[in-house]
Amino acid sequence: MGGSKMPEVYDINVEAALAIVNTNVRTEAPIVSSYNDRIRPLLDTVDRLRNLNVMKEGIQLPTIVVVGDQSSGKSSVLESLAGISLPRGQGICTRVPLVMRLQKSPSPEPEIWLEFGDKRVDTDEEHIAESICTATEAIAGSGKGVSDTPLTLHVKKEGVPDLTMVDLPGITRVPVNGQPENIYEQISGMIMKYIEPQESIILNVLSATVDFTTCESIRMSRQVDKTGERTLAVVTKADMAPEGLLQKVTADDVNIGLGYVCVRNRVGEETYKEARLQEELLFNTHPLLCMIDHDIVGIPVLAQKLIQIQATMIGRCLPVIVQKINEKMETSEFELKKLPMVMTSSGEALMTFMNIVGSVKECLLRILIQGDFSEYPDDQGMHSTARLADMLRKFSDNLQAKPEAVNEFLMDEIKVLEECKCIGLPNFIPRSAFLAILSQRVDGMHAKPVEFIREIWDYVEVVLSSVITKYSDNFPQIQPSIKRAGRTLITKIKEQSVNRVVEIVEMEKQTDYTCNPEYMTAYTQKIANQASFISHVQSNYSNYGDVGISHLRGVNSQLLSQAFDMNVRITAYWTIVVTRVVDNIALYLQFTVKNLVNSQFQKDIVAEMVDPRGGGEVEKMLDESPSVACKREKLKNSIKLLKESKDAVAAIVYQNSG
């Protein structure tokens, strides 16, 4: 049963064969007799859809995909079905997907041509193999590599079945000279791409000389068609390994749902007619092969099965195809309606521009002020009221955090008191000393509010840019100008806000004032510990609570008392200062954001875009951008194609439902 066994030869001439075979076989091409006129409308419909190239819209059509291990006899099977000669040789004969579109023709003169890219190459039966090789080299190069760019072969000829098949490169695991090291991965990836769609019919070509369970093509087809309901197996080289073939095709160890067809390959210089007669003779007279059911042997039977399976698949897929066509068409029409109208006057351009500005303003109102983020449900960065609140809370916590002490406890106060002392009563704390300490504290936190307000407006700029992008996306010719105007506006507001924040902070250095009763409450609570604290220092304690005080030994008790008092005052007052800064900045922020949305945005953007000195940016809207024009044309072509496709299937669907 090995591949080395020579086939048994049945040397008879055509006339003798005609006398031996079933007398009911017509001498005209037997494949024609397998053709069923009842399925012609279905095939015509799919052919029409193929001609319209509806597959480029992502709509899969029922297609017979021919797969097999290298040298399994794929090309020979296709030659027998089409009655033409395909390229032969050592190694991989098929290096690109070869889409074979066979069509029965009443004309005695065959019409054969190739299509790849935008090229059409006419050829004839004598030169077809040469033409395919030349086209393959143009696609995949002159080496031995493969390409997934398809080559379409059209065959209009008497006696061929109406089928569309895709012949894929044979599966090989070992690269030959000139092939890339990943040749197996390339070919297997190409095969999976074609056999995975549920609309594909897998024609798995198996050699009778091998164990079916070891075939790589079987392993691949079972990955995408576990039940085998889309897979038909054709067993080639039956004459080379007849022993055990009956058991192989009846046991079905590899789960071929659509069954098997056993065939004999054309040998040598046999004509296709002679090959079919020799095939029928083989399966009628061979002691082992004649035991195989005649319903699963021969190229004519294979042609009939393929046509019937293809027709069944078409009938089953047609309603889904119709649904997908309708869905695609609705989507394309919706996308087309979303595109901006083609403007022909400055008035139309200005009106459209004002609509964009108005839409941006309304969106900003919702997300920056009202907290309505329904337009951006999954983009948390655009939930602006929440993000602004988060940033304010973080700023407040950062500002109120207790700074790390640079010097030991009370030493800053003692130093300032020593420098601010004057001739006067000894038990008075100089106000200048308090303001000096306060000024130091304010200077220490001065940068934080400025950083915060810059961060706020950087964020608002991002939000504004995103909203402008959304509502001006159909007008790329002016989108950059609107964004630039938006950035200019935010930059101006940011500068104003920084100046205002600096003023808010600087005011805290000018005087010490609050009407907040919390100040006196906090002061009274803390000053009550003054006597105890001084006692601990004078008693040479090292700590007062968790505060180290050993460094204060030897400090004059009056100065120590004044330093403690001033520390209590500044601590109580600092809480008021920080809260006041946060509150003022929060109020100012709310005011400026509302002013931006309600007034400044529309006024400033319109002024900059409409100003003739700015180059008349709005006038650019009259010139449709190339990208939008291309998209419009693409959608129109898509809708046209889908409408024609819908018309093509309408009649057959109506006929089948009637």
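For the protein, the name recorded in an unreviewed UniProt entry is Dynamin-related protein 4C-like, with Raphanus sativus as its organism.

Asker: What's the story with the pairing of strand 1 (residues 63–68) in this structure? I'm lost.
Answerer: Of all six residues making up strand 1, six are buried, and the element is well covered by its neighbours. Every second residue of strand 1 is oriented toward a common face, with Thr 63, Val 65 and Val 67 on one face and Ile 64, Val 66 and Gly 68 on the other, all of them buried. Bridge count between strand 1 and strand 6 (residues 163–167): three bridges; the pairing is parallel. Residue pairing across strands places Ile 64 opposite Met 165, the latter belonging to strand 6.

Asker: Whenever I open this one, the sheet that holds strand 3 (residues 111–116) confuses me. Can you help?
Answerer: Within a beta sheet, neighbouring strands are joined by backbone hydrogen bonds and run either parallel or antiparallel to one another. If you walk across this open sheet you meet the nine strands as 4-3-5-2-6-1-7-8-9, and the pairing is mixed. Among the strands making up the open sheet, the edge pair consists of strand 4 (119–123) and strand 9 (260–262). Going across the sheet, the axis of each strand differs from the next one's by a mean of 20°, ignoring polarity. Pairing between strand 1 and strand 7 (residues 200–207): six bridges, direction parallel.

Asker: Honestly, helix 13 (residues 411–420) in this entry has me stumped. Any pointers?
Answerer: Residues of helix 13 that are buried include every one of Glu 413, Ile 414, Val 416 and Leu 417, and no others. Down the axis, helix 13 shows its buried residues gathered within 165° of arc, on one side only. In helix 13, those exposed residues whose orientation departs by more than 90 degrees from the buried face are Lys 415 and Glu 419. Along its buried surface, helix 13 packs onto helix 14 (431–445) and helix 19 (557–610).

Asker: Just to check I follow, could you spell out the confidence of the model for the protein for this structure?
Answerer: The pLDDT averaged across the protein works out to 84; a share of 89% of its residues lies at or above 70. The spread of mean pLDDT over the elements of the protein runs between helix 1 (residues 14–20), the lowest at 37, and helix 15 (residues 447–471), the highest at 96. Throughout residues 1–36 the model reports pLDDT below 50, and contacts reaching past four residues in sequence, or to other chains, amount to 57 contacts.

Asker: Sorry, what's going on with the pattern of salt bridges here?
Answerer: Oppositely charged side chains can pair when the atoms bearing their charge come close. Across all of its chains, the model carries 25 salt bridges by this definition. Its salt-bridge partner being Lys 338, residue Glu 335 comes within 3.7 Å of it at the nearest N-O pair. Taken together, the residues span about one helical turn, with Glu 335 and Lys 338 both in helix 10 (residues 299–338) at a distance of three residues. Assessed through its relative accessible area of 23%, Glu 335 is described here as partly exposed. Residue classification places Lys 338 among the partly exposed positions, given a relative accessible area of 45%. In this structure, the salt-bridge partner of Lys 640 is Glu 644, at a minimum N-O distance of 2.9 Å. You can see Lys 640 and its partner Glu 644 sitting in helix 20 (residues 626–657), four residues apart, about one turn around the helix. Glu 644 sits in the partly exposed class, given a relative accessible area of 26%.

Conventions we followed
Residues numbered from 1 in each chain as written. Predicted model: local features only at pLDDT ≥ 70, side-chain atom pairs only at ≥ 80, totals over all residues. Heavy atoms only, no water. Buried < 20%, exposed > 50% of the residue type's maximum accessible area, 1.4 Å probe, protein only. Helix = DSSP H or I, 4+ residues; strand = E, 2+ residues; numbered from the N terminus. Pairing = 2+ DSSP bridges. Axes fitted to C-alpha atoms, helices over the stretch in contact; angles between N-to-C directions. Arc of directions from axis to C-beta. Contact = heavy atoms within 4.5 Å. pLDDT = per-residue confidence, 0-100. Salt bridge = Lys/Arg side-chain N within 4 Å of Asp/Glu carboxyl O.

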